[in-house]
Amino acid sequence: MKFNGTDSYVATDDLMIAVNAAITLQRPLLVKGEPGTGKTVLAHEVAKALERPLIEWHIKSTTKAAQGLYEYDAVSRLRDSQLGDEKVKDISNYIVRGKLWDAFTADQSPVLLIDEVDKADIEFPNDLLLELDRMQFFVYETQQTITAVNRPIVMITSNNEKELPDAFLRRCFFHYIRFPERDTMQEIIDVHYPEIQKTLVREALNIFYEVREVPGLKKKPSTSELLDWLKLLMSDDISPEILRNKDPKKLIPPLHGALLKNEQDVHLFERLAFLARREQDN
Amino acid sequence: MFFNLFFELKAAKVPVSLKEYLTLLEAMTLNVAEYNVESFYYLSRSCLVKDERNLDKFDRVFGSVFKGLEPPDNPDTAEIPEEWLRKLTELHLSEEEKAKIEALGGWEKIMEELKKRLEEQEKRHQGGSKWIGTGGTSPFGANGYNPEGVRIGQEKSRHRRAVKVWDKREYRNFDDSVVLGTRNIKIALRRLRQFARLGAPDELDLDGTIRSTAKNGGWIDIQMRPERRNTVKVLLLLDVGGSMDDHIRTMEELFSATRTEFKHLESYYFHNCMYEKVWKDNRRRHSEHISTSQLLNTYGPDWKLIFVGDATMSPYEIVYPGGSVEHWNEEAGQVWMERMLDHFKHACWLNPVPERHWEYTPSLQMLQQVMGHRMFGLTLDGLDKGMRSLGR
């Protein structure tokens, strides 16, 4: 059982080793990286490659750790009791299973994705320490212990909005997805658009990395934005010659909306174009 | 052998614990990594480093532990064998480039020059066109553009098949001491969050509902409560102009980060030191300003006050009435500073000047006194300390 990347996901050597270490040692893998570098997609691809079911738990600022285990639906029990429903006598009817419970009791050990763990409250990771370490938890209402039949492969992504507690980090493997270099990027594009013209990709990559180098950009375009942009370029039949056109009057790349996501960045580009034009005039 | 790595990491202040070390050993016995150095490097990195800010430190430690190199932090003490450099250039330079070296006076001359500069050079260096370091155009150093360049500590690593990946030190940017980006600033600012329930009740209060339902003899009595929101109030006073021009970029980043992070944020500008007036718009600073006493009346003591400035000026500007460089001030800057600090109990000063230079500026020392040592550097670490002091 080894993950070697898939036909739709290019994994670098270091990423593969981190994933395989986490799978072999059955510990969670914490993945960080710039937005749009494929953190969440990684879990999908691992599940696909190992042919495991994927259970996704998307974290929001209001998510509580206990919600991942189970919730006791007190309100509907209260309502049922007033209506005299028979169900009310058994408390287990009102225990709603969380994602972790699902993952622990699944027939085949699944891939559990805890997405954007840093969105939640600062205490959130601490509340899950024991559960992720021993892969078991206790349900007070029914006095039963839920233990993982097959330990799930746990993938956790973080966008670095909050620092995670040391105790939590100690239990994880860690991988930082670095922004792909040109060669890796080329492979990623090949995987997604096998039919694309080589010259178009070359010119587009030139522009893309140039855009990323522009100082003062608020949001640097990332892999997912590049892929969107290439798709647009292909569907609009933009030729590599247009991209290669180094006319400073057209400094803003065609269909830039896919790359630059806020108006300040577009203004910045317009200003640069203006300066370039003035230099040419002089 | 691994012990060495573990203790060196500890010495380099990478937070590693025994648990992580045992995990690494376990992974090694389970054959997760193949028997080559690169896999071992990836595996140990994944086990031992849990924060991208420490990746660079890890690369440095790994390099020195497994190569027996001097730590690259003090290149002035490192002796680079001549043969090694010679071999390097032979590997990297084309015939044409070697001819250029000849044009410059030949290999011997370059080596002589290199030795001379190594002696002259005192600190680690980056950029520039003379000193040995990285990214420059000098003939010596790494990643250079000079065709007759001698690459130091960058053997082969320009290609993806590089043997020594850690030598690339690609994680340089994430080191703690680097100048802030807005994202990092926002994370540090989050320390200031204060949650409270204010406003319209629009959330079900389950505990309250159960309690009052029980009191109600079993009939449901729904209780609502307002949502939890960040209620911290921040008053930002920014020094502008003069010596602050060097720090404009850092200031802009800080400013834009605070804008989105706090709902209650007011910002005003001042020049060098606090006097009797501040202003909102720099273009109209001479026509539209508000008096500092009005500021004191408008914002209550529950507002947290953050000064941002380099505190670099003539000491007269702080101590004497009329000391301001721009106008005649009736009362000394210090008086106004103390008035502000009396009113706002939670205050701190963020200073973009690197902390190691502070002791050379008398005015900075004086303001540090006035602030009661609540002046912090405008780095991630300083911001963190500042926010902690405001939270107290």
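Since the structure is predicted, the reported quantities are computational estimates derived from the model, not experimental observations.

The subject of this paragraph is the overall build of chain B. A count of helices and strands for chain B gives 15 helices and 11 strands. Buried residues in chain B amount to 34% of all 392 residues. Here the analysis covers contacts within chain B between residues at least 6 apart in sequence; of these, 61% occur between residues at least 24 apart.

A few words on the sheet that holds strand 5 (residues 233-239) of chain B. Residue and element names in this part refer to chain B. On the basis of which strands lie adjacent, the open sheet formed by 5 strands has the order 6-5-9-10-11 and parallel pairing. Each of the sheet's edge strands pairs with one partner strand only, and the pair in question is strand 6 (264-270) and strand 11 (375-377). Pairwise comparison of adjacent strand axes, ignoring direction, gives a mean angle of 25° for this sheet. In the sheet, strand 9 (residues 304-308) pairs with strand 10 (residues 347-351) via 4 bridges, with the strands oriented parallel. Considered in strand 10, the bridge of Val308 is made with Leu350.

Moving on to the sheet that holds strand 2 (residues 54-58) of chain A. Sheets are built from strands that pair by backbone hydrogen bonding, the pairs being arranged parallel or antiparallel. Residue and element names in this part refer to chain A. Spatially, 5 strands are ordered 2-5-8-1-9 in an open sheet, and the strand pairing comes out parallel. Of all the strands in the sheet, the pair left with one neighbour each is strand 2 and strand 9 (173-177). Between one strand axis and the next, the sheet turns by 20° as a mean value, whatever way the strands run. For strand 5 (residues 111-115) and strand 8 (residues 153-158), the ladder comprises 4 bridges, and the chain directions are parallel. Within strand 8, the position partnered with Ile114 by the bridge is Ile156. Against the sheet, helix 1 (residues 13-25) engages strand 1 (29-33), strand 8 and strand 9, with an angle of about 155° to strand 9.

Moving on to the pairing of strand 8 of chain A. Residues and elements named next belong to chain A. Taken across its 6 residues, strand 8 has 6 buried, putting it largely inside the fold. Going residue by residue along strand 8, you find Ile153, Met155 and Thr157 tucked away on one face and Val154, Ile156 and Ser158 tucked away on the opposite face as well. Both strand 1 and strand 8 contribute to a ladder of 4 bridges, which runs parallel. For Val31, the partnering residue across the bridge sits in strand 8 and is Thr157.

Criteria and thresholds
Residues numbered from 1 in each chain as written. Chains lettered and ligands numbered in written order. Predicted model: local features only at pLDDT ≥ 70, side-chain atom pairs only at ≥ 80, totals over all residues. Helix = DSSP H or I, 4+ residues; strand = E, 2+ residues; numbered from the N terminus. Buried ≥ 20, exposed ≤ 12 C-beta atoms within 10 Å, placed from the backbone. Contact = placed C-beta atoms within 7 Å. Pairing = 2+ DSSP bridges. Axes fitted to C-alpha atoms, helices over the stretch in contact; angles between N-to-C directions.

Everything listed here is a matter of geometry and, on its own, says nothing about what the molecule does.
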